[in-house]
Every structure is written in structure tokens, then in C-alpha cells.
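# Coordinates in review
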Amino acid sequence: MKRKVDICFVVLHYMDLELTRRTILSIRELQNIQNSKIIIVDNNSPNKSGITLKEQYQKDDIIDVLLLKTNDGFSIGNNAGYQWCRDRYDMDFVVAVNNDVTFEEKDFIKKLYYCYEQEEFYVAGPDIYIPHRYYHQSPISPKLRTAKDMLEAIEDGYKREKEYKKVFSIKICRKYLADVLRDNKLMIKCMGVYRKAKPQRNINWKDVQEGAVLQGACIIFSRKYCQMNSVLFEPLTFMYGEEDFLTLKCMKNHWKIIYLPQLKVSHVNKGSTINNKISYREFCKKTGNSIAKYREAQEIYINEYKKYG
């Protein structure tokens with residue numbers, strides 16, 4: 001018989017021990033965490049950090065560490081953790097969370113149950129906040145994005161990719177400095193002044209939004225979703241666009257997907273620039289490659305959307 005638990009937190013780990021440990025500690029310190037589980041999924045980290053985590057947490061009753069033999073990306077990695085949960089636990093929720101996200105609100109679990117009583121959702125997403133940028137990431141879009149929306153996004157991606165290929169760009173240099181100096185107190189203070197002068201306008205993060213495209217750094221799946229699905233994410237891409245495919249799937253099946261600003265998490269947004277001390281040119285190359293890979297996912301989405309439409 002499966003063990004009844006409240007929440008299974010699936011944390012996808014790759015390489016960075018410090019980030020993952022910080023995420024685990026923030027979950028471990030939540031109120032009412034005793035009847036939940038944390039599943040760390042190591043995506044075959046070349047530095048053997050997954051083995052280190054398995055040894056560190058082997059005596060912790062709340063934590064399971066799953067070591068994958070290959071790095072198959074975001075969707076398959078999370079699905080492996082989810083399958084581990086389905087095989088062993090009877091859970092009310094699964095929370096798929098990146099290893100660079102922390103739970104600062106100690107009563108997160110209590111709030112989650114209250115939100116579910118009000119909304120009875122299949123999938124939900126919290127307010128995901130990047131502290132050093134004073135920036136709210138979720139939702140990505142207030143509604144399902146169409147094929148036309150994606151074509152426009154692809155065109156925009158081409159323009160941004162060209163900007164990153166320039167020998168020097170003031171706009172890109174500003175992004176690079178904001179990233180590499182994210183822990184600098186003066187930079188953080190400057191970003192605060194900038195946000196007061198120019199508030200974030202691209203998304204409405206203050207209000208509940210049903211049918212929104214949620215940001216993938218932290219997504220919550222209820223028992224209703226888990227009963228209907230053998231996977232969390234459709235493995236159509238390696239690392240990009242999973243949020244759009246998830247929204248498309250929910251809308252197609254008339255499953256309630258909702259953004260809930262009452263729930264909040266912090267996102268350091270993967271501090272690879274800091275940890276690896278990459279140069280400006282390396283930053284541009286890495287970001288440009290990400291844009292190109294995202295474009296591939298957007299093209300796949302257009303085909304899937306046409307099937308739905």
C-alpha cells in the first residue's frame with residue numbers, strides 16, 4: 001500500500017550543490033512539512049554531485065534522491081521524479097521546483113491547501129520573484145498563446161539573437177552586469193531605484209488569473225491532475241517551452257490552470273554567471289544559444305497548437 005503524504009516536492013538537480021542545498025533547506029524549514037516528501041532528481045551531473053546529495057541525505061526520512069543515468073532535460077527529469085512519487089506515495093500535491101528556488105513563506109503548505117479549497121485546480125503557479133532584479137516572472141502570459149503569438153515571438157527572438165551577436169551592445173552589457181553583480185549591494189540598491197522609477201509593466205502578477213501560462217520554475221499539480229496523468233510534462237523538448245505545452249494540454253482537456261499570487265517563492269534565476277565567472281562574450285554566446293533553442297520549442301508548439309485548434 002502506498003504511503004499517504006501531503007506534498008511531494010520534486011527538485012531537479014544539476015551540478016550546483018549550493019543551490020540545491022539552499023532549496024532543500026527552505027523546504028525542510030516549512031511549517032507542517034513532516035508529512036511531505038522531497039524527491040531530488042539528479043540529471044546525471046558530470047561532477048558526481050548527485051552522489052554527494054544521496055550520501056548527505058541518506059538518513060533523512062523526508063528526502064529521497066534519485067540518480068538518473070542520462071541527462072534528458074527538464075520534462076523527462078521531472079517526469080522521472082513524478083513516477084517515483086506515483087509508485088510509492090499517495091499525495092495531495094506534487095510541486096515541481098527548480099533547484100534555484102526558495103520558499104521564504106513558512107506557511108506555504110497551509111496557504112496551498114487553502115487556495116485549493118477555494119479554486120480546486122488541476123495546475124497552479126505561485127508568484128515567482130527574482131529579488132536582485134525586483135522582478136516578477138509569473139505568469140508568462142495571461143492566456144494560451146496562439147500560433148500567431150509564437151510566430152511573433154520567433155521574430156522577436158531573431159532580433160534579440162542578432163543583438164547578442166554584436167561585438168558590443170550597451171543594452172546587453174547592462175544585462176550582463178546586472179547578472180554578474182546580482183549579489184552586489186550597490187547594484188541591488190540601484191535596481192530598486194530603477195524599478196520605482198520604471199515599474200514592471202509586461203505582466204500582471206498581482207491578480208489571480210485562470211488560464212494563464214505559468215512560469216516553470218515552480219508549478220503545482222493537484223491530486224486531480226495526478227489521477228489523470230502518468231507524466232507532469234509532455235517530453236516534446238529538452239529544456240524550453242514546457243509551460244506553453246502544459247497550458248495547451250490543460251485548455252484542451254478543460255482542466256483548470258491558474259496563477260495564484262497568494263503563494264510566493266523566490267528565484268535566484270540560476271546563478272551560472274557568478275559561479276562560473278563567464279566573460280561578456282561567453283554570456284552573449286550562452287544567451288544567444290538559449291534563444292535559438294527556445295525558437296525550436298516555439299516551432300514545435302505551433303504544430304501542436306494547430307492540432308488543438
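The following refers to the structure shown. On a predicted model such as this, the values are computed, not experimentally measured, just so you know. (Residues numbered from 1 in each chain as written. Predicted model: local features only at pLDDT ≥ 70, side-chain atom pairs only at ≥ 80, totals over all residues. Heavy atoms only, no water.)

## Quick word on the overall build of the protein chain
Formally: Each helix is a run of H or I in the DSSP string that is no shorter than four residues. Each strand is a run of E no shorter than two, and both are numbered from the N terminus. Radius of gyration here is computed from C-alpha atoms only, and the compact-globule reference equals 2.2 Å multiplied by the residue count raised to the power 0.38. With a 1.4 Å probe rolled over the protein chains alone, any residue whose accessible area is under 20% of its type maximum counts as buried; one over 50% counts as exposed, and the rest are partly exposed. The contact rule is simple, with two residues in contact once any of their heavy atoms fall within 4.5 Å. Note on charges: Lys and Arg go in the positive column, Asp and Glu in the negative column, and His and the chain ends are not counted at all. The location of each charge is read from NZ of Lys, CZ of Arg, CG of Asp or CD of Glu.
Per the secondary structure count, the protein chain includes eleven helices and ten strands. Computed over C-alpha atoms, the radius of gyration of the protein chain comes to 19 Å, within 12% of the 19 Å expected from 2.2 N^0.38 for 309 residues, which places it in the range of a compact globule. Principal axes of the C-alpha set define a box for the protein chain whose edges measure 60 × 45 × 40 Å. The buried share of the protein chain, reckoned over its 309 residues, is 51%. Excluding contacts between residues fewer than 6 apart, the proportion of contacts in the protein chain whose partners are at least 24 apart in sequence is 86%. For the protein chain, the separation between the mean place of its 51 positive charges and that of its 39 negative charges on side chains is 4 Å.

## Digging into the pairing of strand β4 (residues 89-98)
Short version of the rule: Here, any two strands with at least 2 DSSP bridges between them count as paired.
For β4, the buried fraction is high: eight of the ten residues fall into the buried class. The pairing of strand β1 (residues 3-13) with β4 spans nine bridges and is classified as parallel. Across the sheet, the residue bridging to C8 is V94, located in β4. Sheet analysis places β4 next to strand β9 (residues 218-222), joined by five bridges and oriented antiparallel. By the bridge assignment for β9, V94 is matched with F221.

## A closer look at helix α4 (residues 108-119)
Keep this limit in mind: To estimate how far a helix should extend, the number of its residues minus one is multiplied by 1.5 Å.
Over its twelve residues, α4 runs 16 Å from end to end, which matches the ideal 16 Å to within 8%, given 1.5 Å per residue. Lining the buried residues of α4 we find β1, β4, β9 and β10 (257-267).

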